[in-house]
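# Coordinate inspection notes
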Amino acid sequence: MLLAKFDGDVVQAIQALKESGPEPNPELLGSADGLLADLGNCRSYCEECRPPLPFPFARATRQVKDVLTILFPEHAGAVNTTTQENELAVSNKAPERFLAMEKVWLGSSGAPRLFNGLWQVSSPSWGSGSAQSQEAALLHAVEHGLTATDMADHYGDAELIYGDFRSKLAPEIRSTTYAATKWCIFSPVPEPITTTFVLNAVRERCRRLRGRVDLLQFHWYDYEDKAYLNVLAELVRITKSHPELVSAIGLCNFDSEHVEESCKYLIAETGSVGIVSNQIQFSLVDARPLRKMTRYFDMILSWGTWKEFQALLESLSTTAHKHGVSLTNVATRWVLQQPAVGAVIVGTRLGISDHVAENLKVFEFELDDSDMYNINRIALGSSRQKVTTLFDKLGDCGNEYRKMH
Ligand SMILES: NC(=O)c1ccc[n+]([C@@H]2O[C@H](COP(=O)([O-])OP(=O)(O)OC[C@H]3O[C@@H](n4cnc5c(N)ncnc54)[C@H](OP(=O)(O)O)[C@@H]3O)[C@@H](O)[C@H]2O)c1
């Protein structure tokens, strides 16, 4: 566990290095190369032990290779980024479980309505799974039909973990998986926007995922800077010109006004809407999407009082008891039953905790009108006043993320 923690700490430190965009000077190259060599020595030691020991720093090694590839592309040939891998053995029940899964259509692909969310791997404060345990957790999810996964460029090594995992799947299983990631722009970009600039960003996601992106979700820092419309148009064109790189484009944390602006612009520029989704926060204590389109403790206090939250939990618990499911299932099912919702993303601490079997129960029951009435009365307020209040406090969906940067 201590070694897995160290592994996760190295991943996070290297992620911080990547995001700080350092000058790629010889000193940095020397340090990164030195760290890689030390990790390689440790791997050799583990392999030479009898019996061999599992190598505990596979995630750190992969992350160091990744930063070397990003900062010193001319040096990339010397860094062996892919290793010879055995195909993963997958339960023969996996294809039928995938077929039985409730799906949402995102462009031309159907994905399960429950995604594995990988934000949780972005920090060791959630616990650090080893590369082996993370791979086993992803395999377990895929074997049970949870084949869709949500990641982002800045979720630590999430794309690298998933890319390695997916590349070890037999083609018939791989074709059931759905890789959703994000390109998040948090500051101004060089203008004018060129096809090369956007294509390079798409290629970077594909490099880390070792293959195609099924859904690329785009986050933009400031609606005042209209360059985002050109980026979106380029992205949509790339789905047509390079379908081997990216299949569909989605938005991330866009508010209703700018979803509309994007759609209108894309229709005018490309002849179709071109975007298939908008990923936003939507839960029993953040139902702003019901108002227009439309963290946790703070979110509860923005929504209501602690006492009201306890009343909500009690109501959920009663409903859960009635259906013989868990309280979490009821909360997830409530979101799934909202007409505008395609899929729900459930955060997944790979290799640390496992809720696959329990979360799959959301597809085994439905909330009826009286369940919805009882929950809505508390979650939204008797005349939906809680949604209005939250909207007035926080603004439309995604506003909280733009205020951060
Ligand atoms: N677009 C954005 O800006 C944005 C923002 C936030 C999140 N996201 C995406 O959405 C995903 C989920 O959101 P989130 O990070 O807020 O996490 P979340 O889904 O609200 O919470 C994840 C945690 O819920 C617990 N859990 C899951 N299933 C459970 C069950 N059946 N019973 C009890 N507990 C259960 C697990 O806790 P334990 O591990 O402790 O058991 C898990 O770690 C993220 O991973 C990310 O992909 C996107």
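Residues numbered from 1 in each chain as written. Predicted model: local features only at pLDDT ≥ 70, side-chain atom pairs only at ≥ 80, totals over all residues.

## Concerning the packing of helix α12 (residues 306-323) against helix α13 (residues 327-336)
Their axes nearest at 8 Å, the elements α12 and α13 cross at an angle of 100°. It follows from the interaxial angle that α12 and α13 lie roughly perpendicular. Packed against α12, whose contacting residues are L313, L316, S317, T319 and A320, the element α13 presents L327, N329, V330 and A331 at the interface. Its residues placed into classes, the contact of α12 with α13 shows six nonpolar, three polar and no charged. (Axes fitted to C-alpha atoms, helices over the stretch in contact; angles between N-to-C directions. Helix = DSSP H or I, 4+ residues; strand = E, 2+ residues; numbered from the N terminus. Parallel < 35°, antiparallel > 145°, perpendicular 65-115°, else oblique. Contact = placed C-beta atoms within 7 Å. Nonpolar A, V, L, I, M, F, W, Y, C, P; charged D, E, K, R; others polar.)

## Observations concerning the site of the ligand
Neighbouring residues of the ligand: 19 residues in total, closest G117, W119, G347, S353 and H355. Breaking the shell around the ligand down by element, the ones donating at least two residues are β9 (344-347) and α14 (356-360). For the shell around the ligand, the element with the most residues is β9, which contributes three residues. Class assignment for the residues of the shell around the ligand results in six nonpolar, ten polar and three charged. (Near = placed C-beta within 6 Å.)

## Details of the nonpolar core
Counting 59 residues, the largest nonpolar core has Y162, L216, F218, L235 and I249 as the members making the most contacts within it. At six residues, the largest contribution of residues to this core is made by helix α9 (residues 227-241). Setting aside residues up to four positions removed in sequence, L235 forms contacts with V198, L216, F218 and I249. (Core = buried A, V, L, I, M, F, W, Y, C linked by C-beta atoms within 7 Å. Buried ≥ 20, exposed ≤ 12 C-beta atoms within 10 Å, placed from the backbone.)

## Here's the deal with the sheet that holds strand β8 (residues 275-279)
The strand order across the open sheet built from seven strands is β8-β7-β6-β5-β4-β3-β9, with neighbouring strands paired in parallel fashion. Edge strands, defined here as strands with exactly one partner in the open sheet, are β8 and β9. Averaged over all neighbouring strand pairs, the angle between strand axes comes to 30°, with direction disregarded. Where strand β7 (residues 246-252) and β8 come together, three bridges link them in parallel fashion. Opposite I249, over in β8, you have I275 as the bridge partner. (Pairing = 2+ DSSP bridges.)

## Re the domain arrangement of the protein chain
Taken as a whole, the protein chain is organised into domain 1 (2-78) and domain 2 (101-404). The distance between the C-alpha centroids of domain 1 and domain 2 comes to 30 Å. Contacts between the two partners involve 16 residues from domain 1, matched on the other side by twelve residues from domain 2. Mapped onto the side of domain 1 that touches domain 2, the elements with two or more residues apiece are α1 (2-20) and α3 (58-71). For the side of domain 1 that touches domain 2, the element with the most residues is α1, which contributes nine residues. When its residues are assigned to classes, the side of domain 1 that touches domain 2 shows five nonpolar, four polar and seven charged. (Domains from an automatic or database assignment.)

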